[in-house]
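The residues making up each chain are set out below.
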Amino acid sequence: MGPRRQAKLRAIGAKNKGQDWQNYQPLFLKAQRRVERRHRKERVDLMIYEKQRQEILKDLGADPYVD
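Because the structure is predicted, anything quoted here is derived from the model rather than measured. Residue indices follow the written sequence of each chain, beginning from 1 at its first position. Restriction of local features to residues with pLDDT of at least 70 applies here, the model being predicted, together with a cutoff of 80 or more for giving and counting side-chain atom pairs; totals for whole chains, interfaces and linings are based on all residues. The side-chain quantities take in all heavy atoms of the structure and omit both hydrogens and water.

Secondary structure elements follow DSSP: runs of H or I no shorter than four residues count as helices, runs of E no shorter than two count as strands, and numbering proceeds from the N terminus. Any helix carries an expected span of 1.5 Å times its number of residues minus one. Over its 36 residues, helix α2 (residues 25-60) runs 53 Å from end to end, which matches the ideal 52 Å to within 8%, given 1.5 Å per residue. A 1.4 Å probe rolled over the protein chains alone gives each residue an accessible area, and that area as a share of the maximum for its type sets the label: buried under 20%, exposed over 50%, partly exposed in between. Buried residues of α2: A31, Q54 and L57, and no others.

Within the fold, R4 resides in helix α1 (residues 3-15). Owing to a relative accessible area of 77%, R4 belongs among the exposed residues under this scheme. With 42 residues separating them in the primary sequence, R4 and L46 have C-alpha atoms 30 Å apart.

Turning next to a positive patch on the surface. Each patch groups residues whose relative accessible area exceeds 30% and which form no salt bridge, using 9 Å between like charges and 5 Å between nonpolar side chains of Val, Leu, Ile, Met, Phe, Trp and Tyr. Working definition of accessibility: Shrake-Rupley area with a 1.4 Å probe, residue cover restricted to the visible protein chains. By salt bridge we mean one thing: a side-chain nitrogen of Lys or Arg within 4 Å of a carboxyl oxygen of Asp or Glu. Positive charges come from Lys and Arg, negative ones from Asp and Glu, while His and the chain ends are left out of the count. In this description, the location of a charge corresponds to atom NZ of lysine, CZ of arginine, CG of aspartate or CD of glutamate. Judged by side-chain charge, R5, K8, K30, R33, R34 and R37 come together as a positively charged surface patch. Counting only elements with at least two residues in the positive patch, the list comes to α1 and α2. Sort the elements by how many residues they give to the positive patch and α2 lands first, with four residues. Relative to the helices and strands, K8 resides in helix α1.

To continue, consider the pattern of salt bridges. Side chains carrying opposite charge are able to pair once their charged atoms draw close together. Tallying each qualifying case throughout the model produces two salt bridges. Note that D45 is salt-bridged to K41, the shortest N-O span being 3.1 Å. One end of the pair is D45 and the other is K41, both in helix α2 and four residues apart, which spans about a single turn. Note on D45: relative accessible area 38%, which makes it partly exposed. One salt bridge in this structure joins R53 and E50, with 3.1 Å as the shortest N-O distance. Here E50 and R53 lie together in helix α2, a separation of three residues that amounts to about one turn. A residue is classified by how much of its surface remains accessible, and R53, at 22% relative accessible area, is partly exposed. Assessed through its relative accessible area of 30%, E50 is described here as partly exposed.

What follows is the structure, encoded as structure tokens:
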């Protein structure tokens with residue numbers, strides 16, 4: 001969402017305590033999907049890095065599973 005948009009929604013929420021928050025559900029779901037997508041990409045990148053690291057250690061003759 002970004003800090004500005006989050007602050008704006010918080011201000012709206014503080015001002016209108018009885019407001020129906022279902023109107024904002026798509027925004028929160030979109031933000032959640034973005035975060036999950038970013039985390040998935042980070043996990044995939046880490047997995048690729050770890051495979052490359054193991055290959056390099058094998059080539060050097062070191063045990064790739066021992067640090």
